[in-house]
Amino acid sequence: MANRDTIVAVATPPGRGGIAVVRVSGPAVPDIAAALLGTLPAPRYATFSRWHDAADSLIDIGLALYFPAPHSFTGEAVLELQGHGGDVVVAALVERIVELGARRARAGEFSERAFLNDRIDLAQAEAIADLIDAGSRRAAQAALRSLQGEFSQRVNATRAALISLRVYVEAAIDFPEEEIDFLASAELRERLEDVQQRLASVLAAAEQGAVLTRGLTVAIAGRPNAGKSTLMNRLAGHDVAIVTPVAGTTRDLLRERIEIHGVPVELIDTAGLRDATSDAIEAEGMRRARAAIARADHVLFVIDAAADPQGESFAAERGALPEGVPVTLVMNKSDLAAACAASVTPPAAGAPLRIAISAATGDGIPALGAMLVASAGQSDAGPGAFSARARHVDALRRAARHLDLARAQLQLKQGELAAFELRAAQQQLGEVVGDVTSDELLGHIFGSFCIGK
Ligand SMILES: Nc1nc2c(ncn2[C@@H]2O[C@H](COP(=O)(O)OP(=O)(O)O)[C@@H](O)[C@H]2O)c(=O)[nH]1
Ligand SMILES: [Mg+2]
């Protein structure tokens, strides 16, 4: 990596601020530092310095920090300049550093270099972006755990167990006289089961981590006037949606990001669903509502329990709801006497979970929140989770499938085919931490970072 060019970017967000940090990384850093600061600062000491432009007029005064290679975030020589946080000053400083031989960094390029120089693996690099984007404290803590390598260690431990199993199987294939007995041996079966169990446990944790990282999307649906917008406002804690007794008040989708027990949740209030309408705007609203429902992680189907204690509005809509999206029936308006019947009638077998609330008074809202978080598999049991992405979950699931196939091949005493599946499983685990990656994947991951990270 020694021949790379040198990159520069502002690491702090644009606009006015107390300070702004400009970061430079690459082989030209010692020369650039010497030219800009007059001398190369002592490594890792905050050095007060003055920065001049080509005409020797002062750009800014600030602190310089020099990290010689390889002891830096990127593994290259790095210079960090902390100057005054104003766009004009920062632009002039970056301009000067470009004149001195650096080029402007692409999004995520510092993290990409840290990855390419083996300072962090791919899952750790992704955790940096997930930490910056975290939608709750709990999501941030999970990202920090992944950044410190907890997720990668679990994946690597599974991979190590898998590799030793592979060695075992492939050695047996080389001795065909003994192969058949060996492939049927209890020891081999137990070792494979051990790898499968490890993988299942990482996968379960990664699935939870992915929910925490991405957040839950919850669509609020139901007939007009059921109280959807009132529920949205209640959960959000302020008036997001307009509430009136007039059916058809909500026309478009309304989105609001909230946090329930540390889980980031995006709430979507939708237009009420009913059979026919001659209003083109309402029809489009319903179309958007159905699209949002189809994409949601969970649907809260709100029912005016005073007007519809048997939940007939849900029965009518049920067939149109997409399969696989969990639905909870929210029996609303429990403050009205007529609604009470709904909460005492037991739900029919196989019917979705029902929960009685009053969006108007707030009754039952904590239980609803707890139910949502629990249905996403998130317990309140405290720390332990690490962040993960859909990409990781997919790779781990593919690895699990290959292990299932390997097991089937072993039962058929097909040593070569079993070995092939084990190799494929190992490859999938490698993709999580970035041992096997394509340029396209790297471009996709780092391109979604911010510039200067
Ligand atoms: N008594 C009572 N009225 C409610 C409750 N929730 C909503 N409402 C009323 O029902 C009407 C329709 O509410 P809204 O939230 O606009 O329903 P949406 O069409 O489903 O969005 C409004 O007059 C609300 O004040 C509730 O829990 N109890
Ligand atoms: Mg509404």
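Residues numbered from 1 in each chain as written. Chains lettered and ligands numbered in written order. Predicted model: local features only at pLDDT ≥ 70, side-chain atom pairs only at ≥ 80, totals over all residues.

Trainee: Lay out helix α5 (residues 137-147) with the relevant residues and their values.
Mentor: If you check which residues of α5 are buried, you get Arg138, Ala139, Ala142, Ala143, Ser146 and Leu147. Taken together, the buried residues of α5 touch α4 (122-132), α6 (150-173), α8 (186-214) and β9 (263-269). Once α5 finishes, Gly149 follows within two positions and takes phi at roughly 100 degrees, a positive value. (Buried ≥ 20, exposed ≤ 12 C-beta atoms within 10 Å, placed from the backbone. Helix = DSSP H or I, 4+ residues; strand = E, 2+ residues; numbered from the N terminus. Contact = placed C-beta atoms within 7 Å.)

Trainee: Now, about the nonpolar core: what can you tell me, with residues and values included?
Mentor: Ranked by internal contacts, the top residues of the largest apolar core, which has 114 residues, are Phe301 and Val330. Residue contacts for Val330: discarding those within four places in its chain leaves Leu231, Leu300, Phe301, Val302, Ile303, Ile355, Ile357 and Leu368. (Core = buried A, V, L, I, M, F, W, Y, C linked by C-beta atoms within 7 Å.)

Trainee: Quick rundown of the sheet that holds strand β1 (residues 7-10)? Include the residues and the values.
Mentor: Strand pairing in a sheet relies on backbone hydrogen bonds, with the paired strands running either antiparallel or parallel. Ordered by their spatial adjacency, 6 strands build an open sheet running β3-β4-β5-β2-β1-β6, and the pairing between neighbours is mixed. For this open sheet the edge positions go to β3 (47-52) and β6 (103-104), each flanked by a neighbour on one side alone. The pairing of β1 with β6 spans 2 bridges and is classified as parallel. Its bridge partner being in β6, Ile7 is matched across the sheet by Arg103. Sitting on the sheet, helix α1 (residues 29-37) touches β2 (17-25), β3, β4 (58-67) and β5 (78-85), and the angle it makes with β5 is about 35 degrees. (Pairing = 2+ DSSP bridges. Axes fitted to C-alpha atoms, helices over the stretch in contact; angles between N-to-C directions.)

Trainee: Explain the site of ligand 1 to me, and be specific about the residues and the numbers.
Mentor: As a matter of local geometry, ligand 1 sits amid 21 residues, with Gly227, Lys228, Ser229, Thr230 and Ala360 nearest to it. For the shell around ligand 1, the per-class residue count stands at 7 nonpolar, 11 polar and 3 charged. (Near = placed C-beta within 6 Å. Nonpolar A, V, L, I, M, F, W, Y, C, P; charged D, E, K, R; others polar.)

Trainee: Can you explain the pairing of strand β11 (residues 327-332)? Please cite residues and give values.
Mentor: In terms of residue burial, β11 counts as a mostly covered element, since 5 of its 6 residues are buried. Alignment of strand β10 (residues 298-304) against β11, held across 6 bridges, turns out to be parallel. Directly across from Phe301, in β11, lies its bridge partner Leu329. Viewed along the sheet, the connection from β10 through helix α11 (residues 312-318) into β11 turns out right-handed. By the bridge criterion, 4 bridges tie β11 to strand β12 (residues 353-356) in an arrangement that is parallel. Counterpart to Leu329 in the pairing with β12 is Arg354. (Right-handed = clockwise from strand over helix to strand, strands pointing away.)

Trainee: Can you break down the confidence of the model for the chain residue by residue, with the values?
Mentor: Residue-level pLDDT values for the chain average 90, and 95% of them are 70 or greater. Within the chain, the element-level pLDDT minimum falls on helix α12 (residues 340-344), averaging 58, and the maximum on β1, averaging 98. (pLDDT = per-residue confidence, 0-100.)

Trainee: Go over the environment of Arg138, please, and point to the residues and values.
Mentor: Position of Arg138 among the secondary structure elements: in helix α5. Linking Arg138 and Arg223, residues 85 residues apart in sequence, is a C-alpha distance of 35 Å. Apart from the residues lying within four places of it in its own chain, the contact partners of Arg138 are Leu212, Gly262 and Val263.

Trainee: Break down helix α9 (residues 228-236) for me, with residues and values.
Mentor: Among the 9 residues of α9, 7 are classified as buried, and the element is accordingly described as predominantly covered. Contacts from the buried residues of α9 go to β7 (216-222), β8 (254-260), β9, β10, β11 and α13 (365-375). Just past α9, the residue Gly237 takes up positive phi, approximately 85 degrees.

Trainee: Please set out the packing of α6 against α8 residue by residue, giving values where relevant.
Mentor: Two elements in contact, α6 and α8, have axes whose closest approach is 10 Å; the angle formed by their N-to-C orientations is 160 degrees. By the angle between their axes, α6 is roughly antiparallel relative to α8. Where α6 crosses over α8, the handedness of that crossing is left-handed. Where α6 abuts α8, its residues Arg154, Val155, Ala157, Thr158, Ala161, Leu162, Leu165 and Tyr168 lie against Leu188, Arg191, Leu192, Asp194, Val195, Arg198, Leu199 and Val202. (Parallel < 35°, antiparallel > 145°, perpendicular 65-115°, else oblique. Left-handed = near helix turned anticlockwise from the far one by under 90°.)

Trainee: So what's going on with the sheet that holds β9? Which residues, and what values?
Mentor: Judged by pairing direction, the sheet is mixed, and its 6 strands sit side by side in the order β8-β9-β7-β10-β11-β12 without closing on themselves. Strands with a single pairing partner mark the edges of an open sheet, and in this sheet they are β8 and β12. The average angle at which neighbouring strand axes cross in this sheet is 25 degrees, direction not considered. Note that β7 and β10 share 5 bridges and pair parallel. Across the sheet, the residue bridging to Ala221 is Phe301, located in β10. Across the sheet, α9 lies against β7, β8, β9, β10 and β11, angled at about 155 degrees from β9, the strand it touches most.

Trainee: Break down the domain arrangement of the chain for me, citing the residues and quoting the values.
Mentor: By domain assignment, the chain separates into domain 1 (7-119), domain 2 (128-212 + 387-434) and domain 3 (220-296 + 298-375). Distance between the C-alpha centres of domain 2 and domain 3: 40 Å. Listed as interface residues are 6 residues of domain 2 and, on the opposing side, 5 residues of domain 3. Residues of the side of domain 2 that touches domain 3, tallied by class, amount to 2 nonpolar, 2 polar and 2 charged. (Domains from an automatic or database assignment.)

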